[in-house]
Structure formats: structure tokens, C-alpha cells
Amino acid sequence: MAHILSTSCSFKTSTSATPYSKTSNQYSLAHPTGLTFRTSIYSLKKLVSHGKRPLRHLTVCATTLSMSQESQTEPTSGTQDSQNESSKPKRVMVIGGDGYCGWATALHLSNKNYEVAIVDSLVRRLFDHQLGLDSLTPISSIHNRLRCWESLTGKNIQLYIGDICDFEFLSETFKSFEPDSVVHFGEQRSAPYSMIDRSRAVFTQKNNVIGTLNVLFAIKEFNDDCHLVKLGTMGEYGTPNIDIEEGYITITHNGRTDTLPYPKQASSFYHLSKVHDSNNIAFTCKAWGIRATDLNQGVVYGVRTDETEMHEELCNRFDYDGVFGTALNRFCVQAAIGHPLTVYGKGGQTRGYLDIRDTVQCVELAIANPAQHGEFRVFNQFTEQFSVNELASLVTKAGEKLGLDVQTISVPNPRVEAEEHYYNAKHTKLIELGLKPHLLSDSLLDSLLNFSMKFKDRVDKKLIMPDVSWRKIGVKPRTVTT
Ligand code: NAD
Ligand code: USQ
């Protein structure tokens, strides 16, 4: 695992940084880029105590905004109208806020006047470097992203760079930011990545399970009123031959009836890490009265949200490679560059899908309508279900309208999964809370294809075919490039 962890969390500041007093437990560092970094005493102690060794982490807050500027913003969702706690904006910690879903969500919540902090180890950018992958879209550094957001909107998003598997770091962020809600996107989220080799399988489960356990302990320790909104996955359920319920199923067995967690049949070490997370969260809701919402999300597609549209520096990542790229996004890029659409196996694999604009909406709804103490609430977060063949056919038709010649190939399935199966998953709870879905339409496919064509010169065709086999995984460390 050394090849993953040795560099994963190091972050260096300029030695010319000059500390000055900010609050009782924080110092600010004037950075040569013009950003003001605020770092905790704990991090500074680490900086000293580590000597020449690379730092494991550093808590960094991006430029802060004066209170007068903050108070000029119109209160909307992030602020309650009531008299009591009223005008205080709700504080949301977005773990994994530099990633695909997390970045869009952090901006959306900030735009809605929540007080937002991003916590991220930037390990995802490191995976790309290590595997030789890149987003279709050029993405700015997290510091430039946040600086751009503040200059456009006057809204400040705080930044804590570090690994949530390090409990000391996480404790510092909790004590410093004092979140009312934590939205936890901060996991290794690729099934193929988790199936590359033993070390990536171990890394995925360690990173995801321990990170989530730490978040649970931090909530218990520092604010047991804090609502955890955790990103789970529809893949926890697998593909059973009965309808999939939202989290729980009522069963009558030998004359007795009970409502039990819905059976889980995950099909990668990644998906299994989510099952372990769900069990740990459910247990702590019971044992400690934690309030949690598990968002069992389907496959996300799309790239634009209202906020990321505002400036090219805010552009979100868009993965198309065989490790991190997901089905529909990959098919759009493949169509744009004249690569045949890569349907794995028979193509009957059916999953729930949603537009990234609905991801941000769902998270906002979950935060605004928190779970009760002790409640482990499960929502299935997707809007429509499609088979891989259906997606390929939709992309082919949309591509032809744009004059593209779209072909499809059947690729021997690198995964172990059912290729023809029953699939009917419930997804009503978020609709009941007010979700207005953006369903997959011709115009969205047009826009995704046009978007892919705009950046097609950035595509590395060698990264498209899948190169990770569920059956061939072994102990030997692998580099994935064809
Ligand atoms: P992503 O890889 O783009 O982003 C994840 C972010 O978390 C990255 O910025 C990464 O650096 C950070 N991170 C990972 N481990 C961390 C750690 N230990 N400490 C701090 N930061 C850490 O992934 P994404 O597509 O945005 O997915 C976000 C979440 O949503 C994941 O939990 C994933 O399982 C879930 N999800 C994603 C999809 C999808 O289609 N993208 C679908 C269903 C569920
Ligand atoms: N598939 C193809 N061709 C491709 C890519 C994928 O046929 O080029 C198939 C896969 O075999 C699978 C289906 O499409 O049957 C979905 O695969 P995917 O890569 O789009 O999605 P998956 O690996 O399931 O993972 C993604 C996210 C993950 C999230 C999950 C939600 O990476 O974080 O948890 O979607 S769900 O699928 O509901 O489990």
C-alpha cells in the first residue's frame, strides 16, 4: 500500500509564510499566491514536530470574508426564518468537497447561504497522477476554485486539507468549524479501482470504513446534534430478483413479522465498503442516538450545475477513463471521439441514474429535513433506471442527430455481475421531500455530447478500454495503463 499512502496526504506550505495571531487557537499564514491560509495550532505543532519528514496533513482555510460582507447576503435556505437560532446560517461540512459530487454540492450549498467548509485530502487528484488519468475537463486547483468562487459571489468556503482517517486532524476540523451537518462524500469511490490489486482493495476499505467511523466518533464527541448525510450507493443492494425497497423490508417468516435492513449483495470491494459503512452508521444511530441519512445514490451523469457554470475556473471534473469514468459519461465521450460505445457483456445490467443537478438538490433536501436522533434514514437517490444497452441506444440516437457516426461494441465483461436481471428499485422518499428531477432528455444528451466534443482533444484514447478484471485481481501491485 506504500505506493498509495506514502505521498497521499503530504501538503507543503511556503517557508516564507509568516504566522500572525487570528483567534485563540488559529494562526493565519500569508501565502505568496495572495491567499490567506489559516492553520490550527495542532497543524503547526505537527509542522514543527515532523522536522524534515513530509507533513501528513495541514488544516488550511481559504481566505476569510469580513462579517460585513457576509451579512449583506440575502438569507434563503441556509438560514431559518424563525425567531430563535434564526439568522445564524447553518454550517455544513462537505467531506470530499474537491471531488465530482462534492464540489458541485459545496458550491450549491454556499450559493444557498449555508456556511460551508470543504474537507478533502486531495487523494483523488493523486490517484489520477498515479494511474496516469485526467479529467476530460481541465480542473483548477482547489485554492483557485475557492478564490474564484469568492471573487464572483463574495461567499467564502473554508478549506481543511487532510485525511479524515487521521482522527486528530478530523477532531481539529470539527472543533474549528463546528458543523450542524456533515455531508460525507470523502471516499475512494471507484469499483474498478478497488479491484486493481490487493493494495487498492485494502486501501479502499480502510479509507472508506475508517474515515466514516472517525466521522461517527467525531459527531459523538463534539456535537451529537450534528446530522450526518452519508453518500451510500444503490450498488449495496446488488440485483435481487425482487423489488428493492428504500433501506428496509418488512418480512414475515414462520408466522412472525419484522422490518429489517434490506439484504445487501455488493459486487466489488468498493461497494462492500459502503455496506460496512451502512452497518456502522446504523449501529451508532442505535447505540449513541446519532442522526443519519444514508443516500444510496445511483450512477451520476452530467457535469454542469448552475454554480459550476458561472466561471471556467469552477468547472467540475468529468471522468471518462476505464477506472473512474461511469457509464453514461463515458458513452458521451466515446461518441464524441468516434470510439465505439463499450457495452460490457450482454448490456442488460440495469442501474439507477441521476443528473448531477439532482445530486446537489437531494443533499440540500436531506440537510433541510434532518433525521431524528437515533434514526438511520435511508433514501434511494436516483431518478430513472436504464440498462447499459438502453443508454447506448439513447447516446447513439442523440449522436446521430449531431452528425456523429456512433457504433457500439460488446466488450467481454471485466466484472462479475448479472448481465440480464430483474431490477425495480423504489425511489419515492426524496420526491416526497420535494425533489424535482431533471430526467434524461434529448437536450441534456445533446449538451453532454457537445460538451464532450468541446474537450475531445484532451481525450487519451488509451484510457478508454477497461483494464481491470474482477477475476484476475491479485496481490501483485499493478499500474493501470494499456
Ligand atoms: P470523487 O472521487 O470525485 O470525490 C471524492 C473526494 O473525496 C475526492 O476529492 C477525494 O480526494 C476525497 N477523499 C477520499 N478519501 C478521503 C479521505 N480519507 N479524507 C479526505 N478526503 C477524501 O467521487 P465522487 O464521484 O464525487 O463521489 C462522492 C461520493 O458519492 C462517494 O462516496 C461515492 O461513493 C458516492 N457516489 C458517487 C457516484 C458517482 O456516480 N460519482 C454514485 C453513487 C455514489
Ligand atoms: N458499464 C459498461 N460499460 C462501461 C462502463 C460501465 O457496460 O464502459 C456497466 C458496468 O459493467 C455496470 C454499469 O455499467 O454494470 C455501471 O457501471 P459504472 O462504472 O457506471 O458504475 P459503478 O461501477 O456501479 O459505480 C458508479 C460510481 C460509484 C457508485 C455507483 C452507483 O463510480 O461510486 O457507487 O456508480 S451504483 O451503480 O448504483 O452502485
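All values reported here derive from a predicted model rather than from experimental measurement.

Student: Explanation requested: the confidence of the model for the protein in the structure shown.
Tutor: Should pLDDT be low for a region, the predicted coordinates there are not to be read in detail. Chain-level pLDDT for the protein is 86 on average; 82% of the residues reach the 70-or-more range. In this model, residues 1-75 is a region of pLDDT below 50 whose contacts with residues beyond four sequence positions or in other chains number 148 contacts.

Student: Can you help me understand the packing of helix α4 (residues 100-111) against helix α6 (residues 142-153) in this one?
Tutor: Two numbers describe a pair of packed helices, the interaxial angle and the distance between the axes. Direction vectors running N to C along α4 and α6 enclose 20°, while the axes themselves pass 12 Å from each other. For the element pair α4 / α6, the angle class is roughly parallel. Handedness of the crossing formed by α4 with α6: right-handed. Of the residues in α6, those in contact with Trp103, Leu107, Ser110 and Asn111 of α4 are Ile142, Arg145, Leu146 and Trp149. Looking at side-chain class alone, the contact of α4 with α6 contains five nonpolar, two polar and one charged residues.

Student: Looking at this structure, I do not really get the nonpolar core. What am I missing?
Tutor: One recurring pattern in soluble globular proteins is that nonpolar side chains are buried together. Counting residues in each nonpolar core, the largest one holds 49 residues, and the members touching the most others are Leu131, Tyr193, Val323, Leu328, Phe331, Val395 and Leu440. If one sorts the elements of this core by residue count, helix α11 (residues 327-337) sits on top with six residues. In contact with Phe331, other than residues within four places in its own chain, are Leu341, Thr342, Val343, Val388, Leu391, Ala392 and Val395. Judged by nonpolar contacts, the second largest core, of 38 residues, contains Tyr100, Val360, Ile367 and Leu435.

Student: Honestly, the packing of aromatic side chains in this entry has me stumped. Any pointers?
Tutor: Any pair of aromatic rings gets described here by the distance separating the centres and the angle formed by the planes. For the coordinates displayed, the defined rule picks out ten aromatic pairs. Considering the side-chain rings of Phe217 and Trp288, the 4.9 Å spacing of their centres and the 65° angle between planes classify their relative orientation as edge-to-face. Of the two residues, Phe217 is situated in helix α9 (residues 198-222) and Trp288 in helix α10 (residues 269-288); the sequence distance between them amounts to 71 residues. Owing to a relative accessible area of 41%, Phe217 belongs among the partly exposed residues under this scheme. Of the residues examined, Trp288 reaches a relative accessible area of 26% and is grouped as partly exposed. The structure contains a cluster of three or more aromatic residues connected by ring pairs, namely Phe127, Tyr193, Phe203 and Phe324. Sitting above the plane of the Trp288 ring, Lys220 keeps its charged end 5.3 Å from the centroid.

Student: How should the sheet that holds strand β12 (residues 299-301) be read in this particular structure?
Tutor: Within a sheet, each strand pairs with its neighbour through backbone hydrogen bonds, oriented either parallel or antiparallel. Read from one edge of the open sheet, three strands run β12-β14-β16, paired in mixed fashion. One side of each edge strand has no neighbouring strand; the edge strands of this open sheet are β12 and β16 (384-387). On average, each strand axis in the sheet is inclined to that of its neighbour by 45°, with strand direction left out of account. Examined bridge by bridge, strand β14 (residues 350-355) and β16 share four bridges and lie antiparallel to one another. Residue Thr350 lies in a different strand from β16, and its bridge partner there is Ser387. Contacts from helix α13 (residues 388-401) reach β14 and β16 within the one sheet, and its direction differs from that of β16 by about 90°.

Student: I would appreciate a short explanation of the sheet that holds strand β15 (residues 376-381) in the present structure.
Tutor: Judged by pairing direction, the sheet is parallel, and its seven strands sit side by side in the order β6-β5-β4-β7-β8-β11-β15 without closing on themselves. In the strand order of this sheet, the two ends are held by β6 (158-161) and β15, each with one partner. The mean angle between the axes of side-by-side strands here comes to 20°, regardless of whether they run parallel or antiparallel. With four bridges joining them, strand β5 (residues 115-120) and β6 adopt parallel strand pairing. Paired with Ile118 across the bridge in β6 is Leu159.

Student: Hey, could you run me through the site of ligand 1 in this one?
Tutor: Of all residues adjacent to ligand 1, which total 27 residues, the nearest are Cys101, Asp120, Asn207, Tyr270 and Lys274. Taking Gly99, its main chain carries an N or O atom lying 3.2 Å from an oxygen atom of ligand 1. A distance of 3.5 Å separates an oxygen atom of ligand 1 from a polar atom in the backbone of Phe185. The fraction of the free accessible surface of ligand 1 (830 Å²) that becomes covered by protein chains is 98%. Counting residues per element, the ones that place at least two in the shell around ligand 1 are α4, α5 (123-131), β8 (227-233), α10 and β12. Each residue belonging to the shell around ligand 1 can be placed in one class, and the counts come to ten nonpolar, nine polar and eight charged.

Conventions adopted
- Residues numbered from 1 in each chain as written.
- Chains lettered and ligands numbered in written order.
- Predicted model: local features only at pLDDT ≥ 70, side-chain atom pairs only at ≥ 80, totals over all residues.
- Heavy atoms only, no water.
- pLDDT = per-residue confidence, 0-100.
- Contact = heavy atoms within 4.5 Å.
- Axes fitted to C-alpha atoms, helices over the stretch in contact; angles between N-to-C directions.
- Helix = DSSP H or I, 4+ residues; strand = E, 2+ residues; numbered from the N terminus.
- Parallel < 35°, antiparallel > 145°, perpendicular 65-115°, else oblique.
- Left-handed = near helix turned anticlockwise from the far one by under 90°.
- Nonpolar A, V, L, I, M, F, W, Y, C, P; charged D, E, K, R; others polar.
- Core = buried A, V, L, I, M, F, W, Y, C linked by side-chain atoms within 4.5 Å.
- Buried < 20%, exposed > 50% of the residue type's maximum accessible area, 1.4 Å probe, protein only.
- Phe/Tyr/Trp six-rings, centres within 6.5 Å; stacked < 30°, edge-to-face > 60°.
- Lys NZ or Arg CZ within 6 Å of the ring centre and 35° of its normal.
- Pairing = 2+ DSSP bridges.
- Near = heavy atom within 4 Å.
- Polar contact = N/O pair within 3.5 Å; in protein donor to acceptor, adjacent residues only side chain to side chain.
- Areas by Shrake-Rupley, 256 points an atom, 1.4 Å probe, with all protein chains shown as cover.

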